[in-house]
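Chain by chain, the residues:
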Amino acid sequence: MAATWICCNSCFSSASPGNELAVSTCRHIICSRCFKKGNVQQGQCGICKAKCHLSLISDKSSPDVKALFTDLGSTATKYFSEIKGVLQFQARQQKRLLTHYQQRSQNLEETVMKMKQEIQELNKKISQQNMYIHKLESSAHQRYS
Ligand SMILES: [Zn+2]
Ligand SMILES: [Zn+2]
């Protein structure tokens, strides 16, 4: 939290030992020196005089105060790499599912081909048996006529 732009909105000095910066709920930054010098009432902003309360800018600040001072460059980089990871994960999952479906349809095609072949062979056997029956019938006719 030591970016150069973080300074008092009144005297433009940055934080130093004994002169801490605070941010108000009306989003103004004021140093403790100006706060005391301004003789402002407790609960009033020294800059815009709005009713507000101050929170010290430090490593112990609340997350929403800290968020105001985050380095957006590194935050963006962090989120981009997170998004990239999520996208890669989702793409991998979808690809796996697609491969599964492709494999399944290929297997189905192979099964259908095999069934066709078996039907052809069955038909061949049936016609052979028909021929045999026909032969038996005609020889029986010859014997009893
Ligand atoms: Zn100041
Ligand atoms: Zn203010």
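What counts and how
- Residues numbered from 1 in each chain as written.
- Chains lettered and ligands numbered in written order.
- Predicted model: local features only at pLDDT ≥ 70, side-chain atom pairs only at ≥ 80, totals over all residues.
- Heavy atoms only, no water.
- Helix = DSSP H or I, 4+ residues; strand = E, 2+ residues; numbered from the N terminus.
- Rg over C-alpha atoms; globule rule 2.2 N^0.38 Å.
- Donors = N, O, S within 2.8 Å, 3.2 Å for Na, K, Ca; no water.
- Tetrahedral: all angles 85-135°; square planar, octahedral: opposite > 155°, others 65-115°.
- Buried < 20%, exposed > 50% of the residue type's maximum accessible area, 1.4 Å probe, protein only.
- Domains from an automatic or database assignment.
- Contact = heavy atoms within 4.5 Å.
- Phe/Tyr/Trp six-rings, centres within 6.5 Å; stacked < 30°, edge-to-face > 60°.
- Lys NZ or Arg CZ within 6 Å of the ring centre and 35° of its normal.
- Core = buried A, V, L, I, M, F, W, Y, C linked by side-chain atoms within 4.5 Å.

Concerning the overall build of the protein
Link 1 in the chain: A tally of helices and strands in the protein yields three helices and three strands.
Link 2 in the chain: When the helices and strands of the protein are placed in sequence order, the string is β-β-α-β-α-α.
Link 3 in the chain: A globule of 145 residues ought to have a C-alpha radius of gyration of about 15 Å, yet the protein, at 43 Å, is considerably larger.
Link 4 in the chain: Each principal axis of the C-alpha distribution contributes one length, and for the protein these read about 135 × 25 × 20 Å.

Topic: the coordination of the zinc ion (ligand 2)
Link 1 in the chain: For the zinc ion (ligand 2), every protein donor is listed as Cys26 (SG), His28 (ND1), Cys45 (SG) and Cys48 (SG), and the spread of their distances is 2.1 to 2.3 Å.
Link 2 in the chain: Geometry at the zinc ion (ligand 2) is tetrahedral, judged from its four donor atoms and the angles of 102 to 112° they form at the metal.
Link 3 in the chain: Coordination of the zinc ion (ligand 2) draws on donor residues from a single chain, spaced C-x1-H-x16-C-x2-C in sequence.
Link 4 in the chain: With a relative accessible area of 3%, Cys45 lands in the buried category.

Notes on the domain arrangement of the protein
Link 1 in the chain: For the protein, the assigned domains are domain 1 (1–70) and domain 2 (71–145).
Link 2 in the chain: Between domain 1 and domain 2, the C-alpha centre-to-centre distance is 70 Å.

Here we look at the side chain of Asn19
Link 1 in the chain: Along the chain, the position of Asn19 falls in the segment before strand S1 (21–24).
Link 2 in the chain: Excluding residues that lie within four positions of it along the chain, Asn19 makes contacts with Ser13, Ser14, Cys31, Ser32 and Arg33.

Brief notes about the coordination of the zinc ion (ligand 1)
Link 1 in the chain: Distances from the zinc ion (ligand 1) to its protein donors, Cys8 (SG), Cys11 (SG), Cys31 (SG) and Cys34 (SG), fall within 2.2 to 2.3 Å.
Link 2 in the chain: Each of the four donor atoms bound to the zinc ion (ligand 1) contributes to angles spanning 104 to 114°, and the resulting shape is tetrahedral.
Link 3 in the chain: Each donor residue of the zinc ion (ligand 1) lies on the same chain, and together they follow the pattern C-x2-C-x19-C-x2-C. Here Cys34 lies in helix H1 (residues 32–37) and Cys11 lies in the segment before S1, a separation of 23 residues in the sequence.
Link 4 in the chain: You can call Cys34 buried: its relative accessible area is 8%.

A closer look at the packing of aromatic side chains
Link 1 in the chain: For the structure on display, the rule yields one aromatic pair.
Link 2 in the chain: Their ring planes at 10° and their centres at 5.8 Å tell us that Trp5 and Phe69 sit as a pair that is stacked. Of the two residues, Trp5 sits in the segment before S1 while Phe69 sits in the loop between helix H2 (63–68) and helix H3 (72–144), which places them 64 residues apart along the sequence.
Link 3 in the chain: The cationic tip of Lys78 hangs over the ring face of Tyr79; the distance from NZ or CZ to the ring centre is 4.8 Å.

Considerations on the nonpolar core
Link 1 in the chain: Residues Ile6, Cys8, Leu21, Val23, Ile29, Ile30, Cys31, Cys34, Ile57, Val65 and Phe69 constitute the largest nonpolar core, which totals eleven residues.
Link 2 in the chain: Elements with a minimum of two residues in this core: S1 and strand S2 (29–31).
Link 3 in the chain: It is S2 that contributes the most residues to this core, three residues altogether.
Link 4 in the chain: If sequence neighbours within four positions are ignored, Cys31 has contacts with Cys8, Cys11, Ser13, Asn19, Glu20 and Leu21.

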